[in-house]
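Fold and contact review
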Amino acid sequence: MAVDINTLMLVNTCVGCHGPDGSSLGPATPSIAGMSKFAFIQAMQEAKTNERPTTIMGRLARGYTDTEIETMADFFSKQKPVVYPQRVNAEKAKKGARLHKYYCESCHRDNGRKDEHNSGILAGQWMPYLKISLLEFLSGRPAPTKMNKRLEFIVDSYGKDSIDELVHFYASQKEQ
């Protein structure tokens, strides 16, 4: 895919944190490669207006125009996510697979590999980032549609370890 120099210069401002072509190299930052255009734009707009809690992303997002955000969204939506190996507990991943199947698959299809419903790609995300995000949703951070209620139900029904089990399951997903 040929990319013009202006687009490359724009998206290269993201790679310091989100990794080459949007596949994160560090445990505190999500991969954005393969993220749907809609989800990317929504995340940036919410960061820009402080509707989405961030560390530094809100300040950065305010520096981009809507056209620049759309250009970045188009670029990253076309990138293939790279999944880096993580140390996964097989037993937790097995339990997490079951939880995913019954409570998460309707939005996070193909074991969390697809972003068809603008729900985010969970497969292969770094475990620390994913765990922190899920715990923030449990503590009241605004989440898409029914996610907060589903997470509350999972934890109430299966215990606090269910979050770790989901995290290990998503980290165990190798290929995109």
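Anything mentioned here points back to the structure above.
Quick word on the overall build of the protein chain
A count of helices and strands for the protein chain gives 9 helices and 0 strands. Listed N to C, the secondary structure of the protein chain is α-α-α-α-α-α-α-α-α in terms of helices and strands. By the compact-globule yardstick of 16 Å for 176 residues, the protein chain fits well, its C-alpha radius of gyration being 16 Å. Its C-alpha atoms give the protein chain principal-axis dimensions of roughly 50 × 30 × 25 Å. Residues counted as buried form 44% of the 176 residues belonging to the protein chain. Counting only contacts in the protein chain whose residues sit at least 6 apart along the sequence, the fraction spanning at least 24 positions is 66%.

Some remarks on the packing of aromatic side chains
The description of an aromatic ring pair rests on the distance of the ring centres and on the angle between the ring planes. Applying the stated criterion across every chain yields a total of 6 aromatic pairs. Measuring from centroid to centroid gives 6.3 Å for Tyr84 and Trp126, while their planes differ by 10°, and the two rings are stacked. With Tyr84 in the loop between helix H4 (66-77) and helix H5 (90-104) and Trp126 in the loop between helix H6 (109-112) and helix H7 (127-138), this pair connects stretches of sequence that are 42 residues apart. Of the residues examined, Trp126 reaches a relative accessible area of 15% and is grouped as buried. Through a chain of ring-to-ring contacts, three or more aromatic side chains come together here, namely Phe40, Phe75 and Phe76.

Points about helix H8 (residues 147-158)
In this model H8 runs 16 Å from its N-terminal to its C-terminal C-alpha over 12 residues, within 8% of the 16 Å that 1.5 Å per residue would give. The complete set of buried residues in H8 reads Met147, Asn148, Leu151, Ile154 and Val155. Angularly, the buried residues of H8 cover 130° about the axis, an arc narrow enough to put them on a single face. Projecting away from the buried face of H8 at angles above 90 degrees are the exposed residues Lys149 and Asp156. Buried positions along H8 lie against H5, H7 and helix H9 (161-172). Phi turns positive, to about 95°, at Gly159, one or two residues after H8.

Concerning the side chain of Ser162
The topology assignment puts Ser162 in helix H9. On the basis of relative accessible area, Ser162 is assigned to the buried category, the value being 0%.

Here we look at unusual backbone geometry
The phi dihedral of Asp21 falls on the positive side, at around 55°, and the residue is not glycine. Its place among the elements puts Asp21 in the loop between helix H1 (5-18) and helix H2 (37-48). Located in the positive-phi region is Asn111, a residue other than glycine, with phi close to 55°. Here Asn111 lies in helix H6.

Description of the packing of H7 against H8
Between H7 and H8, the least distance of the axes is 9 Å, while the angle of their chain directions is 100°. Of the possible angle classes, the one that applies to H7 and H8 is roughly perpendicular. Contacts between H7 and H8 pair Leu134, Phe137 and Leu138 from the former with Met147, Asn148, Leu151, Glu152 and Val155 from the latter. Residue classes in the contact of H7 with H8 are distributed as 6 nonpolar, 1 polar and 1 charged.

Criteria and thresholds
- Residues numbered from 1 in each chain as written.
- Predicted model: local features only at pLDDT ≥ 70, side-chain atom pairs only at ≥ 80, totals over all residues.
- Heavy atoms only, no water.
- Helix = DSSP H or I, 4+ residues; strand = E, 2+ residues; numbered from the N terminus.
- Rg over C-alpha atoms; globule rule 2.2 N^0.38 Å.
- Buried < 20%, exposed > 50% of the residue type's maximum accessible area, 1.4 Å probe, protein only.
- Contact = heavy atoms within 4.5 Å.
- Phe/Tyr/Trp six-rings, centres within 6.5 Å; stacked < 30°, edge-to-face > 60°.
- Expected span 1.5 Å × (residues − 1).
- Arc of directions from axis to C-beta.
- Axes fitted to C-alpha atoms, helices over the stretch in contact; angles between N-to-C directions.
- Parallel < 35°, antiparallel > 145°, perpendicular 65-115°, else oblique.
- Nonpolar A, V, L, I, M, F, W, Y, C, P; charged D, E, K, R; others polar.

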